[in-house]
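Residues per chain are reported as follows:
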Amino acid sequence: MTESTGRQERRLAGKEVRKKVPRESMGVWAPPDDRRDPVQILIEQGDSRVQDLVPIRYARMLSSEFAFYRGAAAVMASDLSYSANTHLTVQLAGDAHLSNFGGYAAPDRTFVFDVNDFDETLPGPFEWDLKRLVASFAVAGRANGFDEATRAKIIGRVVRTYREAVQKFSQMPRMDVWYSRLTAQDIIDEWSGKVDKSYRKAFEKQVAKAQTKTSERALQKLTTTDADGNISFLSNPPFMEPFDEVVGAEDRDAYQHAAQAALVDYRRSLGSDRRVLFSGYRVVDLARKVVGVGSVGTRCWVMLLMADQDESDVLMLQLKEAQASVLEAYLGASRAHHHGRRVVEGQRVMQAASDILLGWTQVTLKGREVDFYVRQMWDWKESADIPTMDATSLEIYAHLCGWTLARAHSRSGDRVALAGYLGTSNTLDTVLTGFAEAYADQNAKDHAAMQEAASAGRIQVAASGW
């Protein structure tokens, strides 16, 4: 079957973009003379966060160059704004580093691999996500002790897989693109016979471990039961603090009223069938929890709920604050005025299957409105253990991430025009490998600058981040 005239025109339009933004230009990174101070960017980002927790964020970021990279999405967004823009717009994850991909349970209880972090999601040029991803592999490869040639092979695999997958998606019907997903069985089938059997066994073990991560398991790890049978969250300040420890007695009634209103608001964000499901649970306890690296300092709560008729039937939800995306200062404000809704809608566009209880809400307290998104805390969620990966494992993982990002971008953007820009040669593979290494150098310098800021007392760092 020959390509339609419309598709040919879109593909040619993508090729035309190369004249304004040559693919070779993607490989260039040199800090401009007016580059913003990375430490100052992070300090300003912390102004709207819980001040007692910001030193923990700094401690986590200072623990390694890769941890710094994970927390420095705002720094890289600023840096990417200096480069030429292809205007090949897709729904961006906004923080597409390799640890923001992973496995979880689809609604049909199939273990799927996908992008799994959308705090910074926003429409924008495809290359911003791709550059964030390839640079993360360079930083992680260095941390794992791989030489430059090995890293080049791994980074090249990310770009080649992304490019080839977009080409395939560009020839598929739109509905087929949306139905495409990557399951555990797909991964096993793809790599069986290509690598040693030990890799398959390790992967199957990881999937089996993920399937034990449920609300029931979270109940066992995060709660305690007193002599009267009352269940409450464990106290481990500042990393886990039950509601009564965070909120003083004088404010408790106001907070409880705000929480109840927020749950009503959250319920409205769900589909009618999910409202029926959620209505069968009652709230048992609430606690503030420190999560991630870049997210530390944003308001994050975990909520324990139980089914009305069965106290052994539990549900654990996470309510995570959603602030403005770090991309908005450079790509324009989100059309969604509610940042929790921005996160949820971006996630639903990019993921092949999303949490059935994904929703948003807003807490209003003392005249201040805080946006949140809500999701199940544990639902087979599993992230790759990057520091333990050998070169073969990381290359397989690079393939999975490259394909997944291509599928996510192809759902929202003009995949045919994007395929026209990417082309079929290895040009982009080579130049983005160069960019990844150059930006990894920059990341190392920025990490060192943060260490200097800590030594000089410019930032206050917690004694322990974990």
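Before going into details, it helps to say that this report is about the structure given with it. The structure displayed is predicted, hence computed values, not measured ones.

Criteria and cut-off values
Residues numbered from 1 in each chain as written. Predicted model: local features only at pLDDT ≥ 70, side-chain atom pairs only at ≥ 80, totals over all residues. Heavy atoms only, no water. Helix = DSSP H or I, 4+ residues; strand = E, 2+ residues; numbered from the N terminus. Rg over C-alpha atoms; globule rule 2.2 N^0.38 Å. Buried < 20%, exposed > 50% of the residue type's maximum accessible area, 1.4 Å probe, protein only. Contact = heavy atoms within 4.5 Å. Areas by Shrake-Rupley, 256 points an atom, 1.4 Å probe, with all protein chains shown as cover. Lys, Arg positive; Asp, Glu negative; His and termini not counted. Charge placed at Lys NZ, Arg CZ, Asp CG, Glu CD. Polar contact = N/O pair within 3.5 Å; in protein donor to acceptor, adjacent residues only side chain to side chain. Patch = residues over 30% accessible without salt bridge, like charges linked within 9 Å, V, L, I, M, F, W, Y side chains within 5 Å. Salt bridge = Lys/Arg side-chain N within 4 Å of Asp/Glu carboxyl O. Axes fitted to C-alpha atoms, helices over the stretch in contact; angles between N-to-C directions. Parallel < 35°, antiparallel > 145°, perpendicular 65-115°, else oblique. Left-handed = near helix turned anticlockwise from the far one by under 90°. Nonpolar A, V, L, I, M, F, W, Y, C, P; charged D, E, K, R; others polar. Core = buried A, V, L, I, M, F, W, Y, C linked by side-chain atoms within 4.5 Å. Phe/Tyr/Trp six-rings, centres within 6.5 Å; stacked < 30°, edge-to-face > 60°. Pairing = 2+ DSSP bridges.

## Some words on the overall build of the protein chain
In step 1: The helix and strand tally for the protein chain stands at 19 helices and 14 strands.
In step 2: Computed over its C-alpha atoms, the radius of gyration of the protein chain comes to 22 Å, within 12% of the 23 Å expected for a compact globule of 466 residues.
In step 3: Each principal axis of the C-alpha distribution contributes one length, and for the protein chain these read about 70 × 55 × 45 Å.
In step 4: Residues counted as buried form 55% of the 466 residues belonging to the protein chain.
In step 5: The contacts in the protein chain between residues at least 6 apart in sequence include a share of 77% that link residues at least 24 apart.
In step 6: Roughly 20500 Å² of accessible area belongs to the protein chain as shown, and the carbon and sulfur atoms make up 50% of that amount.
In step 7: The protein chain carries 58 positive and 62 negative side-chain charges, and their two centres are separated by 5 Å.

## Thoughts on the side chain of R35
In step 1: One can find R35 in the loop between α1 (5-20) and α2 (38-46).
In step 2: Within the structure, R35 has its side chain in polar contact with the side chain of D79 (distance 2.8 Å).
In step 3: Those residues in contact with R35 that lie beyond four places of it in its chain are W29, V75, D79, Y82, Y439, Q442 and D446.

## Points about a positive patch on the surface
In step 1: Positive charge collects at one region of the surface, where K205, K209, R217 and K221 lie side by side.
In step 2: Residue assignment for the positive patch shows that the elements contributing at least two residues are α10 (197-210) and α11 (215-222).
In step 3: A relative accessible area of 47% places K221 in the partly exposed class.

## Focus: the packing of α1 against helix α18 (residues 415-422)
In step 1: Running from N to C, α1 and α18 cross one another at 45°; their axes reach a closest spacing of 7 Å. Taken together, the axes of α1 and α18 are oblique relative to one another. Crossing geometry of α1 relative to α18 is assigned as right-handed. Residues R7, R10, R11, G14, K15, V17 and R18 of α1 form the contact with α18, whose own contacting residues are R415, V416, A417, A419, G420, Y421 and L422.
In step 2: Partitioned by chemical class, the residues of the contact of α1 with α18 number six nonpolar, two polar and six charged.

## Some points on the nonpolar core
In step 1: Counting residues in hydrophobic clusters, the biggest one holds 101 residues, and the most contacted among them are F126, F137 and Y397.
In step 2: F137 has contacts with L98, I154, I155, V158, L394, Y397, A398 and C401, leaving out every residue within four places of it along the chain.
In step 3: Core analysis: the second largest hydrophobic core is formed by 23 residues, A262, Y281, L286 and L319 among them.

## A few points about the packing of aromatic side chains
In step 1: Overall, the coordinates contain 11 aromatic pairs when judged by the stated rule.
In step 2: On the numbers, 5.5 Å between centres and 65° between planes, the contact of W29 with Y439 is edge-to-face. With W29 in the loop between α1 and α2 and Y439 in helix α19 (residues 427-455), this pair connects stretches of sequence that are 410 residues apart. We note that W29, like Y439, is buried.
In step 3: With a centroid separation of 5.1 Å and an interplanar angle of 85°, the aromatic rings of Y266 and F278 are classed as edge-to-face. With Y266 in helix α13 (residues 252-269) and F278 in helix α14 (residues 272-278), this residue pair connects regions lying 12 residues apart in the sequence.
In step 4: Residue classification places F278 among the buried residues on the basis of a relative accessible area of 7%.
In step 5: An aromatic cluster is present here, built from F101, F113, F137 and Y397 joined pairwise through their rings.

## Examining the pattern of salt bridges
In step 1: In the structure shown here, the tally under the stated rule is 27 salt bridges.
In step 2: Residues D414 and R10 are paired through a salt bridge, measuring 3.0 Å at the closest nitrogen-oxygen approach. Residue D414 is found in the loop between α17 (391-412) and α18, and its partner R10 is found in helix α1; the two are separated by 404 residues along the sequence.
In step 3: Using a relative accessible area of 30% as the deciding quantity, one classes R10 as partly exposed.
In step 4: Residue E321 is joined to R299 by a salt bridge in which the shortest nitrogen-to-oxygen separation is 3.0 Å. Of this pair, E321 sits in strand β11 (residues 310-321) while R299 is found in the loop between β9 (281-289) and β10 (300-307), placing the two residues 22 residues apart along the sequence. The same class applies to E321 as to R299, namely buried.
In step 5: In the salt-bridge network here, residues are joined through shared partners; they are R142, R151, E437 and D441.

## Overview of the pairing of β9
In step 1: The pairing of strand β8 (residues 240-242) with β9 spans three bridges and is classified as antiparallel. Within the sheet, the bridge partner assigned to E241 lies in β9 and is R288.
In step 2: Pairing analysis gives seven bridges linking β9 to β10, with the strands arranged antiparallel. Residue R282 lies in a different strand from β10, and its bridge partner there is M306.

That's the geometry; what it means functionally is another story.
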